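Structural overview
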Amino acid sequence: QVQLVESGGGLVQPGGSLRLSCAASGRIHSINTMRWYRQAPGKQRELVAVLTSGGTTNYADSVKGRFTISRDNTKNTVYLQMDSLKLVDTAVYYCNADVRTSWASQANNYWGQGTQVTVSS
């Protein structure tokens, strides 16, 4: 029905930048809140950034001032600009979104498959 596909991950040195993208496709009427999560090896998945359909953002304390979430509603895409990357930012990053597939339906929650971000010197 709905697919979320992340891209933009890779290997970067400490202090560097990456921009992740997550494109939603399929049967989409509207997208409400979009989120980025991450999961480091041996750790629980954690919420990194949130962006509501109204434009409200929220960030984990660990990334405030370094990461920026944004979206392009015409492309059903959410982005995560990551600057001043640190070793501890190494993780698999997942896109998550609340999507309505019709005007009459409630929003369902969908996940992407994840993209690896490795920060290493």
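Details of the structure are given in the entry above.
In every chain, residue numbers begin from 1 and rise along the written sequence. For this predicted model, a pLDDT threshold of at least 70 governs which residues receive local features, and a threshold of 80 or more governs which side-chain atom pairs are given and counted, while totals over whole chains, interfaces and linings are taken from all residues. Note that the side-chain values use all heavy atoms of the structure and ignore hydrogens as well as water.

A word on the side chain of Glu6. Starting at the N terminus, helices and strands are each numbered in turn, a helix being any DSSP run of H or I of at least four residues and a strand any DSSP run of E of at least two. Residue placement: Glu6 occurs in strand S1 (residues 2-7). For the buried Glu6, no salt bridge exists, and the shortest N-O distance to an oppositely charged side chain is 7.7 Å, to Arg45. Polar contacts here mean pairs of N or O atoms no more than 3.5 Å apart (in protein, one a potential hydrogen donor and the other a potential acceptor; neighbouring residues in sequence count only if both atoms are side-chain atoms). One polar contact links the side chain of Glu6 to the main-chain amide nitrogen of Cys95, over a distance of 2.7 Å. There is a polar contact of 2.9 Å between the side chain of Glu6 and the backbone nitrogen of Gly114. Every residue pair with non-hydrogen atoms within 4.5 Å of one another is taken to be in contact. Once you skip the residues sitting within four places of it in the chain, Glu6 turns out to touch Ser21, Cys22, Trp36, Tyr93, Tyr94, Cys95, Gly112, Gln113, Gly114 and Thr115. Only protein chains enter the area calculation, which uses a 1.4 Å probe; residues under 20% of their type maximum are buried, those over 50% are exposed, and those in between are partly exposed. Positive charge is attributed to Lys and Arg, negative charge to Asp and Glu, and no charge count is given to His or to the chain ends. Within this document, salt bridges are pairs made up of a side-chain nitrogen of Lys or Arg and a carboxyl oxygen of Asp or Glu, the two lying within 4 Å of each other.

The definition used for a disulfide is geometric: two cysteine sulfur atoms within 2.5 Å. Under the defined criterion, the tally for this structure stands at one disulfide. One disulfide in the model links Cys22 with Cys95; its S-S distance is 2.1 Å. A torsion of -80° about the S-S bond marks the disulfide between Cys22 and Cys95 as left-handed. Of the two residues, Cys22 is situated in strand S3 (residues 18-26) and Cys95 in strand S9 (residues 91-100); the sequence distance between them amounts to 73 residues. Pair check on accessibility: Cys22 and Cys95 agree, each one buried.

A separate point is the side chain of Asp98. Looking at the secondary structure, you find Asp98 in strand S9. Here Asn109 takes part through its side chain, which lies 2.7 Å from a polar atom of the side chain of Asp98. Apart from residues lying up to four places away in sequence, Asp98 is in contact with Ser30, Ile31, Asn32, Thr33, Arg35, Ala107, Asn108 and Asn109.

Counting 31 residues, the largest nonpolar core has Trp36, Val48, Phe67, Ile69, Leu80, Met82 and Tyr93 as the members making the most contacts within it. If one sorts the elements of this core by residue count, S9 sits on top with five residues. Setting aside chain neighbours within four positions, we find Phe67 in contact with Arg38, Val48, Tyr59, Leu80, Gln81, Met82, Asp83, Leu85, Asp89 and Tyr93. Only buried Ala, Val, Leu, Ile, Met, Phe, Trp, Tyr and Cys residues count toward a nonpolar core, and they belong to the same one when joined by side-chain atoms within 4.5 Å.

Attention now moves to the pairing of S3. Relative to S3, S1 runs antiparallel, the two being bridged by six bridges. Bridge pairing in S3 places Gln3 opposite Ser25. Strands pair, by our definition, only if DSSP identifies at least two bridges between them.

Moving on, we come to the environment of His29. With respect to the helices, strands and loops of the structure, His29 is situated in the loop between S3 and strand S4 (30-39). Taking the C-alpha atoms as reference points, His29 and Tyr94, 65 residues apart in sequence, are found 22 Å from one another. For His29, the residues in contact, after removing those within four places along its chain, are Arg100, Thr101, Ser102 and Trp103. Of the polar contacts made by the side chain of His29, one reaches the side chain of Ser30; its length is 3.4 Å.

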